[in-house]
Amino acid sequence: YQRRVHGTLSECLFFFAMQALPTLTAEQALAAVKEINVALDQADAAQKIQQAKDMAQGNPMMLMATLMPHAVATLGPTLTKYGFTADQPGVFAFLGALRPHEHNSEVAAVAAEMKGKFLTPELTAMMAMMMPPPAAQ
């Protein structure tokens, strides 16, 4: 079952739930997040993401419409390298694949840095409500 979704958050999460999702080892998670941090630090990407955040003014639906396309474009090459799709569901699947490694302080630190570069508090809260909690370690 393969379907590209460019719609609402609920559609993206439905797509996310229907897929056999890639997993990451701690080493892969760390490497992928470091690669994404480098991509997010590029001036063009950082500027586009900040402009989208400013334009959305904290509105989660506007953030999904304006911010996520820039995030997908920036994260896409790394996502596909690690087996995720270069789209919104791929971003959510990647973030979900990081969750089992939240206990690893190094992965947690670089992941928090990454999330701070493109997620807003509003999107973080929305995603926390919709994603299942990480498995107990």
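Each remark here, short or long, concerns the structure printed above.
Here, residues in each chain are numbered from 1, in the same order as that chain's written sequence. Only residues with pLDDT of at least 70 are given local features in this predicted model, and only at 80 or more are side-chain atom pairs given and counted; all residues enter the totals for whole chains, interfaces and linings. In computing side-chain properties, one takes all heavy atoms of the structure into account and sets aside hydrogens as well as water.

When you look at the packing of aromatic side chains in this model, what are you seeing that I'm missing?
Between two aromatic rings, the relevant description is the distance of the centres plus the angle of the planes. Each Phe, Tyr or Trp ring, with Trp reduced to its six-membered ring, pairs with another whose centre is within 6.5 Å; inter-plane angles below 30 degrees give stacked pairs, above 60 give edge-to-face pairs, and intermediate values give tilted ones. Scanning the model with the defined rule gives one aromatic pair in all. Judged by centre distance (5.6 Å) and plane angle (85°), the ring pair of F84 and F94 falls under edge-to-face. Highlighted residues: F84 in the loop between α4 (60-81) and α5 (88-98) and F94 in helix α5, separated in sequence by ten residues. Relative accessibility under 20% of the residue-type maximum defines a buried residue, over 50% an exposed one, and the middle range a partly exposed one, all with a 1.4 Å probe and only protein chains included. By relative accessible area, which is 3% here, F84 ends up buried. Secondary structure elements follow DSSP: runs of H or I of four or more residues count as helices, runs of E of two or more count as strands, with numbering from the N terminus.

Explain helix α3 (residues 43-56) to me, please; I cannot follow it from the model alone.
Residues spaced three or four apart along an α-helix face the same direction, because each turn holds 3.6 residues. An expected span of 1.5 Å times one less than the residue number is assigned to each helix. Taking 1.5 Å per residue as the helical rise, α3 with its 14 residues ought to reach 20 Å, and the 20 Å between its terminal C-alpha atoms agrees with that figure. Residues of α3 that are buried include every one of A45, I49, A52, K53 and A56, and no others. Along the long axis of α3, the arc covered by the buried residues comes to 100°, so they all point the same way. Away from its buried face, by an angle of more than 90 degrees, α3 presents the exposed residues A43 and M55. For α3, the secondary structure elements touched by its buried residues are α2 (26-41), α4 and α6 (105-118). Q57 occupies a position one or two residues after α3 and carries a positive phi of about 50°. For this quantity, the arc is that covered by the directions from the helix axis to the C-beta atoms. Note on contacts: a residue pair qualifies if any of its non-hydrogen atoms lie within 4.5 Å across the two residues.

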